[in-house]
Amino acid sequence: MTVAALSNPAARRVGVGSSLRRSRRWALITAYVFLVLFAIFFLIPPYYMIVTAFKSDAEMARMATNPWIIADGVTLEQFRILLNNTDFLIYFKNTAIVTVCVVIITMVISVLAAFALGRMRFWGSSILATGIFLTYLVPDTLLFIPMFQIVKGLGLLNNYWGMVLVYPTLTVPFCTWIMIGYFQSIPKELDEAALIDGAGHLQMLFRIFIPVALPGIIAATIFAFTVSWAAFVYPMAFLYSSDQQVLTVGTVTSLIRGDVYKWGMLMAGALLAAAPPLVIYAFLMDYYIAGLTAGATKG
Amino acid sequence: MAEVALRQVVKKFGEVEAVRSIDLDIPNNEFVVLVGPSGCGKSTTLRMIAGLEEVTSGEICIGGEVVNDLPPRDRDIAMVFQNYALYPHMTAFENMSFGLRLRKFSKAEIRQRVEHAARILDITELLDRRPKALSGGQRQRVAMGRAIVRNPKVFLFDEPLSNLDAKLRVQMRTEIKRVHQKVKTTTVYVTHDQVEAMTLADRVVVMNNGRIEQIGSPQELYHHPRTRFVAGFIGSPAMNFLPCQLEQNAAGMRVRISEMIAFPVPPTNAARYRSAVDKQLILGLRPEHITEPRHNGRDDGCQFAATLDVVEPLGMETMVFFTVNDTEVCGRVEPSSAVEAGATMRLQAGIEHMHLIDPASDVVL
């Protein structure tokens, strides 16, 4: 900008305006560049997984073909062998049972705990709430050794019901923490109104708090589901026979023999294993994002 | 329908005393407004009546029964909150009927009561809507509906109009008064807005610092405030307070506010003020009692000249501000007689409306 332009207020205004527009445009371009880079970075592995799952073993073995495309046509051969000739369906069933049980146990415990800790102020409630979160910070790679003793003591070693007992130690603290935050964000007049309307604490929880905190409950459910669906360390340590195994460990141990990787089936298995979380995310995302609390009080 | 009584009620939050031993009797069907600045204990008092706060000491009676240890649901009260506190996942109908459903009323009875309340509040069309789809005023009506359907012994309102814009507030104020005339129920209403208090109340309870300053009808509080606080709190703009000295001479009693200005004390008041002669006092005079000269311009010793600092035309009247001995004074004059800021204007004090306050005790003499 010239000295003349600076000394002229009108020119200066134009200058400021255009530089604001320019900097906004740059911010937008930079944002898009990084978003595209991140999208590519995160989408390459799933893409590779999908492409590989639909290839034949022969095509994979041929080094001359481009690994990023399906050259010999799509085949469902990998899925057929995986479902018919391996224990994949058993793993899938075990995982589903464990996950559904863990999600139910987690949500019951954490909703009740969060309601008590977040809304019913009592002596030591905030210390307890922090304590619960701290337990989440201890990694499962440390916990599995003492946990092994407990599971063994209960006679649940190599039994997937042991996982139903163990996974909530990962999910409950975090879900409780999320729910405490949600419950605390609900205006306190809402429970006072319910108290005056004649509701007891449980009626208040089930008829007011759970419906209003639904986005939070769904967020916590998704978290509990993902954690127990994808858990690896505990089943690796506690389960060893094929009929008790879950998807994560089962797929890897049965499809990698020594240094032989059955890539096609591994990818087909990974694709099938990734499907339920994907479907759940897709269905619940709208709820997850929608703020149901709007309109409760003056916005 | 019930009377409410508070007997030496105290509320402490730790070491802080929010309510300091208040006594209050509210007869059946009366509309009582608790008014005062923030932190004066009015909301805490209301919440203790509702059962949302425990009473530290003292007794609260509703309908002759001590309710200190009763939970809110057993007190048969209904409350309207400042931010409406509607259940966001329920329609207006469900919001209004929630209390009745919990109390296991029959479906027919619930429908009949909700529809009746909706007719009173003119919200029949809105019963299927969720709070999100309602405007502020409509939400407040639904919140009132939720209180009305219960047909409780006592209505409690906690600053219900504070979140509404000025126009809607006036409209809802009238609405609340209309509803109270239709649904005769003992009502305790908390507000910090003295205009709301004056317009709605049968009796106003002015609170300050956890204590009741004065209880009385709106007119009584306006014309006969007992303390400096009440005198300053009731009325808008607030009463002017001017340091003064009471003089007695052969001609009578005079109240002197500056070397130049002294007003004759009306003979009706003189006897009351006799003991305060020669003392430093505070003269309280409302802006509406400082006007342009009236009585056909006849000077009865209450006229004086003032150089105006600020002039605020409001349409039907003009506010004038000037200074006497470093104290800002506000007057209310006819727009046609107002002069420009900086000019000198002849004004008249309506001294028959004067109040004299003892600065040591802040009590009106």
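Residues numbered from 1 in each chain as written. Chains lettered and ligands numbered in written order. Predicted model: local features only at pLDDT ≥ 70, side-chain atom pairs only at ≥ 80, totals over all residues.

## Regarding the overall build of chain B
Item 1. Across its full length, chain B carries nine helices and 21 strands.
Item 2. Seen through its principal axes, chain B has C-alpha atoms that stretch 80 × 45 × 35 Å.
Item 3. By residue count, 42% of the 365 residues in chain B fall in the buried class.
Item 4. Intrachain contacts of chain B at a sequence separation of at least 6 include 67% that bridge at least 24 residues. (Helix = DSSP H or I, 4+ residues; strand = E, 2+ residues; numbered from the N terminus. Buried ≥ 20, exposed ≤ 12 C-beta atoms within 10 Å, placed from the backbone. Contact = placed C-beta atoms within 7 Å.)

## Quick notes on the overall build of chain A
Item 1. Within chain A, the secondary structure is distributed over 15 helices and two strands.
Item 2. The 299 residues of chain A split such that 32% are buried.
Item 3. Counting contacts in chain A only where the partners sit at least 6 residues apart, residues at least 24 apart contribute 76% of the total.

## Quick notes on the domain arrangement of chain A
Residue and element names in this part refer to chain A.
Item 1. Per the domain assignment, the segments of chain A are domain 1 (14-75) and domain 2 (79-289).
Item 2. Taking the mean C-alpha position of each, domain 1 and domain 2 sit 31 Å from one another.
Item 3. Taken residue by residue, the interface counts seven residues in domain 1 and six residues in domain 2.
Item 4. Sorting the residues of the side of domain 1 that touches domain 2 by element identifies helix H2 (9-53) and helix H3 (57-61) as the ones contributing at least two each.
Item 5. Of the residues forming the side of domain 1 that touches domain 2, the biggest block, four residues, is contributed by H2. (Domains from an automatic or database assignment.)

## Looking at the domain arrangement of chain B
Residue and element names in this part refer to chain B.
Item 1. Partitioning chain B into domains gives domain 1 (4-233) and domain 2 (240-364).
Item 2. Measuring from the centre of the C-alpha atoms in domain 1 to the corresponding centre in domain 2 gives 39 Å.
Item 3. Every contact between the two is made by seven residues of domain 1 and, on the other side, eight residues of domain 2.
Item 4. Here the side of domain 1 that touches domain 2 is composed, by residue class, of three nonpolar, two polar and two charged. (Nonpolar A, V, L, I, M, F, W, Y, C, P; charged D, E, K, R; others polar.)

## Quick word on the interface of chain A and chain B
Item 1. Facing the 21 residues of chain A at the interface are 24 residues of chain B.
Item 2. Secondary-structure elements contributing two or more residues to the side of chain A that touches chain B are helix H10 (188-197) and helix H11 (201-212) of chain A.
Item 3. The biggest single contributor to the side of chain A that touches chain B is H10 of chain A, with seven residues.
Item 4. Tallied by class, residues from the side of chain A that touches chain B come to 12 nonpolar, five polar and four charged.

## Side note on the packing of helix H5 (residues 88-119) of chain A against helix H14 (residues 247-255) of chain A
All names here are of chain A.
Item 1. One can describe the packing of H5 onto H14 by two numbers: an axis separation of 8 Å at closest approach and a directional angle of 165 degrees. Taken together, H5 and H14 sit at an angle that is classed as roughly antiparallel. Seen from above, H5 lies across H14 with right-handed handedness. Listed contacts from H14 to Phe 88, Tyr 91, Phe 92 and Thr 95 of H5 are Leu 247, Gly 250 and Thr 251.
Item 2. Classifying every residue of the contact of H5 with H14 by side-chain character gives four nonpolar, three polar and no charged. (Axes fitted to C-alpha atoms, helices over the stretch in contact; angles between N-to-C directions. Parallel < 35°, antiparallel > 145°, perpendicular 65-115°, else oblique. Left-handed = near helix turned anticlockwise from the far one by under 90°.)

## Overview of the sheet that holds strand S18 (residues 327-333) of chain B
Item 1. Overall, antiparallel pairing links the five strands, which are arranged S15-S19-S16-S17-S18 (chain B) in an open sheet. Of all strands in the sheet, those with a lone pairing partner are strand S15 (290-291) and S18 of chain B, marking the two edges. (Pairing = 2+ DSSP bridges.)

## Quick look at the sheet that holds strand S12 (residues 252-256) of chain B
Residue and element names in this part refer to chain B.
Item 1. The six strands lie next to each other as S13-S12-S11-S14-S20-S21, forming an open sheet whose pairing is antiparallel. Looking at which strands have only one partner, the edges of the open sheet turn out to be strand S13 (262-264) and strand S21 (363-364).
Item 2. Bridging between strand S14 (residues 280-285) and strand S20 (residues 355-358) involves three bridges; their strand directions are antiparallel. Residue pairing in the sheet places Leu 283 in a bridge with Leu 356 of S20.

## Structural notes on the environment of Leu 142 of chain A
Item 1. When you line up the elements, Leu 142 of chain A lands in helix H7 (residues 140-153).
Item 2. For the pair Leu 142 of chain A and Ser 110 of chain A, spaced 32 residues apart in sequence, the C-alpha to C-alpha distance is 23 Å.

## Here's the deal with the pairing of strand S11 (residues 240-249) of chain B
Residue and element names in this part refer to chain B.
Item 1. Alignment of S11 against S14, held across six bridges, turns out to be antiparallel. Bridge assignment links Leu 242 to a residue of S14, and that residue is Leu 283.
Item 2. As consecutive antiparallel partners, S11 and S12 are separated by two residues.

## Here's the deal with the packing of helix H4 (residues 136-149) of chain B against helix H5 (residues 166-182) of chain B
All names here are of chain B.
Item 1. Packing of H4 against H5 brings their axes to within 11 Å, and their N-to-C directions diverge by 20 degrees. Comparing the axis directions of H4 and H5 gives the class roughly parallel. Helix-helix and strand crossings are classified by hand; for H4 and H5 the assignment is right-handed. Residues Gly 136, Gly 137, Gln 140 and Met 144 of H4 form the contact with H5, whose participating residues are Leu 168, Met 172 and Val 179.
Item 2. When the residues that make up the contact of H4 with H5 are grouped by side-chain class, the tally is four nonpolar, three polar and no charged.

## Some points on the confidence of the model for chain B
Residue and element names in this part refer to chain B.
Item 1. Considering every residue of chain B, the mean pLDDT works out to 87; 98% of them sit at 70 or more.
Item 2. Element-level pLDDT for chain B is lowest in helix H9 (residues 267-273), with a mean of 80, against a maximum mean of 92 in helix H2 (residues 92-102).
Item 3. Two numbers describe this predicted complex: its pTM, 0.77, and its ipTM, 0.80. (pLDDT = per-residue confidence, 0-100.)

## What to know about the environment of Glu 115 of chain B
Residue and element names in this part refer to chain B.
Item 1. Within the secondary structure, Glu 115 is located in helix H3 (residues 107-121).
Item 2. Overall, Glu 115 belongs to the partly exposed group, with 15 C-beta atoms counted inside 10 Å.
Item 3. As a C-alpha pair, Glu 115 and Phe 93 span 22 residues in sequence and 8.7 Å in three-dimensional space.

## Looking at the environment of Ala 117 of chain B
Residues and elements named next belong to chain B.
Item 1. With respect to the secondary-structure elements, Ala 117 resides in helix H3.
Item 2. Residues Ala 117 and Val 142, spaced 25 residues apart in sequence, show a C-alpha to C-alpha distance of 9.2 Å.
Item 3. Setting aside anything within four residues of it in sequence, one finds Ala 117 in contact with Met 96, Gly 145, Ile 148 and Val 149.

## Observations regarding the nonpolar core
Item 1. Val 33, Leu 156, Val 188 and Val 205 of chain B are the most contacted members of the largest nonpolar core, which totals 166 residues.
Item 2. At 10 residues, the largest contribution of residues to this core is made by H5 of chain A.
Item 3. If we skip the residues at most four places from it in the chain, Val 205 of chain B touches Leu 24, Val 32, Val 33, Leu 34, Ile 212 and Ile 215 of chain B. (Core = buried A, V, L, I, M, F, W, Y, C linked by C-beta atoms within 7 Å.)

## Remarks on the pairing of strand S1 (residues 4-13) of chain B
All names here are of chain B.
Item 1. Pairing between S1 and strand S4 (residues 57-62): five bridges, direction antiparallel. The partner of Ala 5 across the bridge, within S4, is Cys 61.
Item 2. In terms of strand pairing, S1 meets strand S2 (residues 16-26) through seven bridges, oriented antiparallel. Looking at S2, one finds that Lys 11 is bridged to Val 19.
Item 3. Taken together, S1 and the strand that follows it, S2, pair antiparallel across an intervening segment of two residues, in which Gly 14 is found at a positive phi of about 65 degrees.

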